[in-house]
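# Observations on the three-dimensional arrangement
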Amino acid sequence: MVRSRFGTALCGLALLVALGVLVAGCGSGSSSEPSGATEASAGSEAASAGTEKLDGGGASFVYNAAGASAQFEEALKASYLKAFDEKFNFNSSVDPFCCGIDKLQAAESSGNVPWSAVQWLNSSDFKLAEEAELLEPLDTSVVPVHLLKPGTYDKYGYQVYITGVLLGWKQGTYKPGEQPTSLVDLFNTKKYPGKRCLYKGIQDGGNFEAAELAAGVPPNELYPINQELAFEELDKIKSEIVWWETGAQAAQYLLDGTCTMGVIWSGVAQTATNEGNPIDVTWNEALTVYGMNSIPRGSPNPEAAQQFLALILDDPAATETFAEHTAYLSPLKKPAPLPPDVAEWAPQGENVANTIVENDNYYAEHNAELTKAFNEWLVTG
């Protein structure tokens, strides 16, 4: 979800996203939440076990942040990776390869896994990796999962980088009072003429969900996806669609006029706006999605990976720096307050009062079927 939620589509970065989103929404709710580990199994003893003994000696540490954009990579380097390197003496880098589990399976089969830790673009890929026994269990004496809200982690990973999948447009495109109000307006070509930019993937771009909403399906009845109905709606705007495959493309196409409106990830819109290229968005009937952090079996630095996943949950300064770049959040029980200019982009509070939680369980179960149908639709008509 090729994908890039965070830029090379957040297949598209994700602090947001990525382990069931913990926001109130109109979608499938608890069906998206991972299960397994409990508060008791998390163990409040997680904290500093052995941290003083870990010294990487400047060794390489590669974090696969699936689909990471250049902006998302920079956010990681300025925050979590910088803090991790300074604390444990590693030389960290980001690999944005995306998506699915095939590359990890091949790496593990060859005995040459390059990634110390893996952030999955969504929990569908995470679940597939879990089922294929490709992941190491979390060491809860190190990784403080007890800091997370219940239902946001299991034995092999935790939710991270929750993201908004929004409708956006270049600021000034529409007059005040005439702006689009939801993803449904993608299909209203009479009122809002022009090209539409959509994410070229089955998940994390809201293609099916937006089409169903446009067809009159209530937000709480979107799953299971009515494929026939969704494709009928998508057919109506197919000639007006420009596809993007990275978050950077999503912003570029809106800003250069390739599209008058389009789907964009919240952190990508935030970054563009912060860089002086303002993009307006609506959170109404948008999607919220989340990534999953985990450790691959055969990780070259498993001990360091445990410490890295711990730092992401328990380093407030690094979290604040990360949020300043891209307001993706982890579902902490007691998150630090965000500055107003960052909070307006974050999937929390009023922003998510009328959003839809993407049902990753559904996508995990129907991935092959939906991918086949979508790819066939792309090349027909």
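Residues numbered from 1 in each chain as written. Predicted model: local features only at pLDDT ≥ 70, side-chain atom pairs only at ≥ 80, totals over all residues. Heavy atoms only, no water.

### Some thoughts on the environment of N293
- Position of N293 relative to the elements: it lies in strand β11 (residues 279-296).
- When the C-alpha positions of N293 and Y158 are compared, they lie 5.5 Å apart, and in sequence the two are 135 residues distant.
- Of the polar contacts made by the side chain of N293, one reaches the side chain of Y63; its length is 2.7 Å. (Helix = DSSP H or I, 4+ residues; strand = E, 2+ residues; numbered from the N terminus. Polar contact = N/O pair within 3.5 Å; in protein donor to acceptor, adjacent residues only side chain to side chain.)

### What about the nonpolar core?
- In this structure, Y63, L76, Y158, Y161 and F308 are the most contacted members of the largest nonpolar core, which totals 91 residues.
- If sequence neighbours within four positions are ignored, L76 has contacts with Y63, A65, L81, K82, V94, Y161 and F322. (Core = buried A, V, L, I, M, F, W, Y, C linked by side-chain atoms within 4.5 Å. Buried < 20%, exposed > 50% of the residue type's maximum accessible area, 1.4 Å probe, protein only. Contact = heavy atoms within 4.5 Å.)

### Here we look at the pattern of salt bridges
- One pass over the structure, following the stated rule, counts six salt bridges.
- A salt bridge links E74 to K77; the nearest nitrogen and oxygen atoms lie 3.9 Å apart. With E74 and K77 both in helix α2 (residues 70-78), this residue pair falls three residues apart, about one helical turn.
- Judged by relative accessible area, which is 37%, K77 ranks as partly exposed.
- The salt bridge partner of R297 is E108, with a shortest N-O separation of 3.0 Å. Placement of R297 in the loop between β11 and α10 (302-314) and of E108 in helix α4 (residues 102-110) is noted, with a sequence separation of 189 residues between them.
- For R297, a relative accessible area of 37% gives the class partly exposed. (Salt bridge = Lys/Arg side-chain N within 4 Å of Asp/Glu carboxyl O.)

### Points about α10
- A rise of 1.5 Å per residue sets the reference length of α10, with its 13 residues, at 18 Å; its end C-alpha atoms lie 18 Å apart and thus fit the reference within 8%.
- Residues of α10 that are buried include every one of A304, A305, Q306, Q307, F308, L309, A310, L311, I312 and L313, and no others. (Expected span 1.5 Å × (residues − 1).)

### Looking at the pairing of β11
- By the criterion of burial, β11 is predominantly enclosed, with 16 of the 18 residues buried.
- Pairing analysis gives two bridges linking strand β5 (residues 135-136) to β11, with the strands arranged antiparallel. Paired with L135 across the strands is P296, a residue of β11.
- Bridge count for β11 against strand β12 (residues 356-357) is two bridges, and the pairing is parallel. (Pairing = 2+ DSSP bridges.)

### Some details on the pairing of strand β8 (residues 196-199)
- Here β8 shows no split at all, with R196 and L198 on one side and C197 and Y199 on the other all buried.
- Bridging between β8 and strand β9 (residues 241-244) involves four bridges; their strand directions are parallel. Of the residues in β9, the one forming a bridge with Y199 is W244.
- Pairing analysis gives two bridges linking β8 to strand β10 (residues 261-265), with the strands arranged parallel. Residue R196 lies in a different strand from β10, and its bridge partner there is M261.

### Considering the packing of helix α9 (residues 266-274) against helix α11 (residues 316-325)
- The N-to-C vectors of α9 and α11 enclose an angle of 75°; their axes lie 8 Å apart at closest approach. Between α9 and α11, the angle falls in the class roughly perpendicular. On the side of α9, the interface is formed by Q270, T271 and N274, while α11 contributes A323, E324 and H325.
- By residue class, the composition of the contact of α9 with α11 is one nonpolar, four polar and one charged. (Axes fitted to C-alpha atoms, helices over the stretch in contact; angles between N-to-C directions. Parallel < 35°, antiparallel > 145°, perpendicular 65-115°, else oblique. Nonpolar A, V, L, I, M, F, W, Y, C, P; charged D, E, K, R; others polar.)

### Let's talk about the state of the cysteines
- Evaluated as defined, the whole model comprises two disulfides.
- Each sulfur of the disulfide joining C197 and C259 lies 1.9 Å from the other. Its torsion about the S-S bond being 75°, the disulfide of C197 and C259 is classed as right-handed. Here the residue C197 occupies a position in strand β8, and C259 occupies one in the loop between α8 (247-255) and β10, the gap between them amounting to 62 residues. Take C197 and C259: they sit in the same class, and that class is buried.
- Cysteines bonded in the chain are numbered consecutively along the chain; their disulfide partners then correspond to 1-2, 3-4. (Disulfide = S-S within 2.5 Å.)

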